[in-house]
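# Examination of the molecular architecture
Read off the chains here:
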Amino acid sequence: MRQNDNGVQNMSGLNNYLLRLLRDTGLGDFVGGLLPALYCDGIFTLLPTIVPRYVGNPSQFERLLNIRMASVRQVIEHVFADHHNFFRLFWVPRYLRMMSQGVQIRRMSLNSFFIQNCLYCLNGTRCRVFGQAPPTLDEYLPLNEVLPPPPAVDLGDVWDFNA
């Protein structure tokens, strides 16, 4: 079964998960009551936590926002290119069967991007494009940090890959 990005997002329950995670978390009030959102391609539906690029006849402000967000998306594409060059995980799509191996693929992806972030701490990153310096490895992995427990989130509507 093939799905486009919007179909995968719908199956994942990502918007509902983010809504439950961000509301009543004790993080304080967001500006204007708005939640942080993911900026996505125009194929996506406008949702409380997912904002597609402006299409049709966008205003001057909307065009400017599209241009600025496109530059961020280009950096993200470069990060994926780095990931491809470091790990070669996504270059063999026949091994990435989300329906049958979703849990393993998710773990492999999270671990590989974590390792990539560590490499960025050691060797630099694409954040230079925005005039930023990467954190040191000690800043990224503070060994003495005490983390509060995460908020309780019911993942009942998240796609169950083992079903």
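Cut-off values and rules
Residues numbered from 1 in each chain as written. Predicted model: local features only at pLDDT ≥ 70, side-chain atom pairs only at ≥ 80, totals over all residues. Heavy atoms only, no water. Helix = DSSP H or I, 4+ residues; strand = E, 2+ residues; numbered from the N terminus. Buried < 20%, exposed > 50% of the residue type's maximum accessible area, 1.4 Å probe, protein only. Phe/Tyr/Trp six-rings, centres within 6.5 Å; stacked < 30°, edge-to-face > 60°. pLDDT = per-residue confidence, 0-100. Contact = heavy atoms within 4.5 Å. Arc of directions from axis to C-beta. Patch = residues over 30% accessible without salt bridge, like charges linked within 9 Å, V, L, I, M, F, W, Y side chains within 5 Å. Areas by Shrake-Rupley, 256 points an atom, 1.4 Å probe, with all protein chains shown as cover. Salt bridge = Lys/Arg side-chain N within 4 Å of Asp/Glu carboxyl O. Expected span 1.5 Å × (residues − 1). Disulfide = S-S within 2.5 Å.

For the rest of this paragraph, the subject is the overall build of the chain. Broken down by element type, the chain carries five helices and two strands. Beginning at the N terminus, the succession of helices and strands in the chain can be written as α-α-β-β-α-α-α. Residues classed as buried in the chain amount to 21% of the 163 residues present.

Take the packing of aromatic side chains next. Taken as a whole, this structure holds three aromatic pairs when the rule is applied. Between Phe80 and Phe113, the ring centres sit 5.4 Å apart and the planes meet at 75 degrees, which makes this aromatic pair edge-to-face. Here Phe80, found in helix α3 (residues 60-87), pairs with Phe113, found in helix α4 (residues 98-123); they are 33 residues apart in sequence, far enough to count as distant.

Our focus in this paragraph is the confidence of the model for the chain. Low pLDDT marks regions whose predicted coordinates should not be analysed in detail. Summary statistics for the chain give a mean pLDDT of 77 and a share of 79% for residues scoring 70 or more. Of all the helices and strands in the chain, helix α1 (residues 5-12) carries the lowest mean pLDDT, 72, while helix α5 (residues 137-140) carries the highest, 90.

Turning next to the side chain of Ser112. Assignment of secondary structure puts Ser112 in helix α4. Setting aside anything within four residues of it in sequence, one finds Ser112 in contact with His83, Phe87 and Leu89.

The next point concerns the environment of Leu21. Relative to the helices and strands, Leu21 resides in helix α2 (residues 14-22). Owing to a relative accessible area of 25%, Leu21 belongs among the partly exposed residues under this scheme. For the pair Leu21 and Pro150, spaced 129 residues apart in the sequence, the C-alpha separation amounts to 9.0 Å.

This part covers the environment of Leu14. Note on placement: Leu14 falls in helix α2. Taking C-alpha positions, Leu14 is 8.7 Å from Thr49, a pair spaced 35 residues apart along the chain. If we skip the residues at most four places from it in the chain, Leu14 touches Gln9 and Leu38.

With that out of the way, let us pick up α2. Each α-helix turn comprises 3.6 residues. Residues three or four places apart therefore point the same way. Turning to α2, its buried residues are Asn15, Leu18, Leu19 and Leu22. Buried positions in α2, seen along its axis, are confined to an arc of 100 degrees and lie on one side of it. At its buried positions, α2 is contacted by α1, β1 (38-40) and β2 (50-52).

Attention now moves to a nonpolar patch on the surface. Taken together, the side chains of Val72, Ile76, Phe80, Val129 and Phe130 present a nonpolar region at the surface, about 440 Å² in accessible area. Within the secondary structure layout, Ile76 lies in helix α3.

Attention now goes to α3. An ideal rise of 1.5 Å per residue puts 40 Å on 28 residues; α3 measures up with 41 Å between its terminal C-alpha atoms. Inspection of α3 places Asn66, Val75, Asp82 and His83 among the buried residues, and these make up the whole buried set. Phi turns positive one or two residues past the end of α3, at Arg88, with a value near 55 degrees.

A separate point is the state of the cysteines. Overall, the coordinates contain zero disulfides when judged by the stated rule. Of all cysteine sulfurs in the structure, the one in Cys118 sits closest to Cys121, which takes part in no disulfide; the separation is 6.0 Å.

With that settled, the discussion passes to the side chain of Thr49. With respect to the helices, strands and loops of the structure, Thr49 is situated in the loop between β1 and β2. Not counting residues up to four positions away in its chain, the partners in contact with Thr49 are Asn15, Leu18, Leu19, Leu22, Leu35, Pro36, Ala37 and Leu38.

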